[in-house]
Amino acid sequence: MCVQAAPSRTAPLRQSVKRTLAAGQGLLSVALAKAANRHGAITALARISSLFRHDGRIKRPSGTIPADAFSYLTNNNERLRDLRLRYQGHPACNHSQWSPASVMHGIDMRYFRADNMYLYQSRRYSPLSFYATSAFTKQVDRHGLIDLLVEDDYFGAEVFDFHGKAVSRDLLDSVLESNILSRFLPLDARPISILDIGSGYGRLAHRMTMAFAKLQYYCVDAIPESTFISEYYLKFRRADRCTCVPLDEITKTPLRGIDLAVNIHSFPECQSSAIAWWLDQLKLMAVPWLFVGVAKSLGLTSRERDGRRQDFLGRIEQAGYRIKAIVSKFEGAPVLQKEGLYPTDYYLFRQSLV
Ligand SMILES: C[S@@+](CC[C@H](N)C(=O)[O-])C[C@H]1O[C@@H](n2cnc3c(N)ncnc32)[C@H](O)[C@@H]1O
């Protein structure tokens, strides 16, 4: 199917896209078109990447911050200091990318939804990429979540106007991930418990529990700041079916009855020893399904302390999991698989030992 940009109204995103489209002559149609129609057009578009990508500039965060966030989300908050102490020396805290220094520099705790280590946004992707990704999401969204779920500019999220609908990478990724998962698991039909490992500020927890009324959602993370922020954020969003579990409690009081573990863009930022530790926990908890999202460019590779990458598919298999499906974020839209907003492959595994 070929999606055309609707007539431009006044919103900044559409104006920017209109300018870009004028330069690129129907690029959006090319991005979303079926392969048979696309091939000739793509080969003629030598500069397509430059229209979808930015030069790495990070915007100064802006947006709405609730008054209590200024006093609560601080470095010397007692809860955060306690979590830091409790996580010290834990086997999952053998960090490569998420060292305390990089967290300190990379994340402004009040603007945790800004373009940062949790979610890259406009530093890498142009308005055209956001627009094309929104159009793609609208096409494949079988549950109508893009209309149901609401976006705002709280905590620095970069928000774009898509024909009157506020969208962001937070919203678009969550809608796409929910739709992919719902192909395999009856998310809206029966109570399902999800454990999100490396759940960040609680993006997917918030979105999925707003989308599916029967889900129970548990967040766990090996970075104290992530646990601290997600505790605050999920309470702020009144996401009552979400529980943040501090890392040390996962082993003290193992969770029972988890149906699905998810790990989105987290294992590729961990050392293989930390991944192995998490997989042992999933085996102990007898979690039947595992869903792993990785940047297309990284695949199932860990990041070791010296920067080397190591394949971790073998470790997943050793823990008894077998691949059931691999789904690309931009399935059926090859140009977006290269140029869309953070191209990702999702691997769904099924535990074979239970
Ligand atoms: C790129 S962020 C993705 C966050 C979230 N999954 C999302 O998609 O919005 C990577 C996440 O991995 C977490 N993380 C880093 N090292 C970890 C480890 N060793 N074990 C578990 N989580 C880790 C970080 O705290 C962060 O929440």
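Residues numbered from 1 in each chain as written. Predicted model: local features only at pLDDT ≥ 70, side-chain atom pairs only at ≥ 80, totals over all residues.

**Some thoughts on the packing of helix H10 (residues 169-182) against helix H11 (residues 203-211)**
1) Next: For the pair H10 and H11, interaxial distance at closest approach is 10 Å and the crossing angle is 60°. By the criterion of interaxial angle, the relationship of H10 to H11 is oblique. With respect to the hand of their crossing, H10 and H11 are arranged in right-handed fashion. Across from Asp170, Ser174, Glu177 and Ser178 in H10, the residues of H11 making contact are Arg203, Leu204, Arg207, Met208 and Ala211.
2) Next: Here the contact of H10 with H11 is built from residues that sort into 3 nonpolar, 2 polar and 4 charged. (Axes fitted to C-alpha atoms, helices over the stretch in contact; angles between N-to-C directions. Helix = DSSP H or I, 4+ residues; strand = E, 2+ residues; numbered from the N terminus. Parallel < 35°, antiparallel > 145°, perpendicular 65-115°, else oblique. Left-handed = near helix turned anticlockwise from the far one by under 90°. Contact = placed C-beta atoms within 7 Å. Nonpolar A, V, L, I, M, F, W, Y, C, P; charged D, E, K, R; others polar.)

**Points about the site of the ligand**
1) Next: Taken together, 21 residues sit near the ligand, with Gly198, Gly200, Ala222, Ile223 and Ser266 positioned nearest.
2) Next: Across the shell around the ligand, the residue classes tally to 11 nonpolar, 7 polar and 3 charged. (Near = placed C-beta within 6 Å.)

**Some details on the sheet that holds strand S4 (residues 215-220)**
1) Next: If you trace the 7 strands from one edge of the open sheet to the other, you get S5-S4-S3-S6-S7-S11-S10, paired in mixed fashion. The outermost strands of the open sheet, each flanked by one partner alone, are strand S5 (242-244) and strand S10 (321-328). Put simply, the sheet's adjacent strands are angled 20° from each other on average, direction ignored.
2) Next: Alignment of S4 against S5, held across 3 bridges, turns out to be parallel. When the sheet's bridge partners are listed, Cys219 is paired in S5 with Cys244.
3) Next: The strands that helix H12 (residues 224-236) touches are S4 and S5; relative to S5, the one it contacts most, it runs at about 155°. (Pairing = 2+ DSSP bridges.)

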